[in-house]
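# Topology and contacts: notes
Listed below are the residues making up each chain.
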Amino acid sequence: MKHLVFVYGSLRQGQSNHHYLNGCQLLGRFDTPAEYALFDLDAYPAMIFGKKSVAGEVYMINDEVLESLDRLEGVPVEYRREQIETIFGLAWVYLYQLDLTANKEILSGDWCKRNRDSN
């Protein structure tokens, strides 16, 4: 079965975990509505509900890749998988479930530009 997934951090092009999406079709870039927030956890980000837009990419993936992403994201403990509406259709997204009190918000909403954020 085919699925869409919205990735916003280490799975994006040029990032450390992008190899999980080797052979998957990139449908394009997508910025969420201003209903989320993005936090820096050092090696990867955390997306939660909030009031900002988050930048990312949407990929077409299969069941096997979805299962590997669930393992990578620590579903159902660290992240949970939900669907959001994108310009490409409904896509899975990984939302963080643990405490973010000690973490810094990425104000731009773009993981790839986090080092340029002045927050």
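Sequence positions are assigned chain by chain, starting from 1 and proceeding in written order. Under the rules for a predicted model, residues below a pLDDT of 70 receive no local features and side-chain atom pairs below 80 are neither given nor counted, while totals for whole chains, interfaces and linings still include all residues. For side-chain calculations, the full set of non-hydrogen atoms in the structure is used, while hydrogens and water are omitted.

### Some details on the overall build of the protein
What the protein contains, in helices and strands, is one helix and eight strands. Secondary structure counts use DSSP, requiring at least four H or I residues in a row for a helix and at least two E residues in a row for a strand, with both numbered from the N terminus. Along the protein, helices and strands appear, N-terminal first, in the series β-β-β-β-β-α-β-β-β. Rg of the C-alpha trace for the protein: 13 Å, near the compact-globule value of 14 Å for 119 residues, within the 12% margin. Overall size of the protein, expressed as C-alpha extent along the three principal axes, is 40 × 30 × 25 Å. In this treatment the radius of gyration is a C-alpha quantity, and the globule benchmark scales as 2.2 Å times the residue count to the 0.38 power.

### Thoughts on the UniProt feature "active site" (unreviewed entry) in the protein
UniProt positions are given in the numbering used here, feature names are shortened, and annotations may be inferred rather than shown by experiment. Feature annotation in UniProt places "active site" (unreviewed entry) on E73, given in this structure's numbering. Summarising the element assignment, E73 is placed in helix 1 (residues 63-73). If sequence neighbours within four positions are ignored, E73 has contacts with L11, E78, Y79 and Y94. Contact between two residues is taken to exist if any of their heavy atoms lie within 4.5 Å; hydrogens are not considered.

### Overview of the pairing of strand 7 (residues 89-96)
Burial analysis of strand 7 places seven of its eight residues in the buried class, the great majority of the element. Whether two strands pair depends on DSSP finding at least two bridges between them. Pairing of strand 6 (residues 79-86) with strand 7, which is carried by eight bridges, proceeds in the antiparallel orientation. Across the sheet, the residue bridging to E82 is V93, located in strand 7. Only protein chains enter the calculation, and the probe is 1.4 Å; a residue is then buried if its accessible area is under 20% of its type maximum, exposed if over 50%, and partly exposed in between.

### Side note on the nonpolar core
Grouping buried Ala, Val, Leu, Ile, Met, Phe, Trp, Tyr and Cys residues that are joined through side-chain atoms within 4.5 Å yields what is termed a nonpolar core. With 34 residues, the main nonpolar core has V5, F6, Y8, L21, M47, I61 and L69 as its most contacted residues. Elements supplying a minimum of two residues to this core: strand 1 (2-7), strand 3 (36-40), strand 4 (45-49), strand 5 (55-62), helix 1, strand 6 and strand 7. Residues within four places of L69 in sequence aside, it is in contact with V5, L11, Y20, L21, I61 and Y94.

### A short note on the packing of aromatic side chains
Stacked, tilted and edge-to-face are the three classes applied to pairs of Phe, Tyr and Trp rings, where Trp contributes its six-membered ring and a pair requires centres within 6.5 Å; stacked means planes under 30 degrees apart, edge-to-face means over 60, and tilted covers the rest. Using the criterion set out here, one finds five aromatic pairs in the structure. Where Y44 meets Y79, the ring centres are 6.5 Å apart and the plane angle is 50 degrees; that geometry is what we call tilted. Of this pair, Y44 sits in the loop between strand 3 and strand 4 while Y79 sits in strand 6, and the two are 35 residues apart along the sequence. Here Y44 falls in the partly exposed class, since its relative accessible area comes to 30%. A relative accessible area of 2% places Y79 in the buried class. Lying across the ring of W111, R114 places its NZ or CZ 3.6 Å from the centre. When the NZ atom of lysine or the CZ atom of arginine is within 6 Å of a ring's centre and also within 35 degrees of its normal, the charge is said to sit over that ring.

### Some remarks on helix 1
Among the residues of helix 1, V65, L66, S68, L69, D70 and E73 are the ones counted as buried. Where helix 1 begins, one side-chain oxygen reaches toward the backbone nitrogen of E64, 3.1 Å away; that side chain belongs to N62. Downstream of helix 1 by a residue or two, G74 has a phi angle that is positive, lying close to 70 degrees. Each polar contact in these results corresponds to two N or O atoms within 3.5 Å; when the atoms are within protein, one needs to be able to donate a hydrogen and the other to accept it, and residues that are neighboring in sequence are counted only if both atoms are side-chain atoms.

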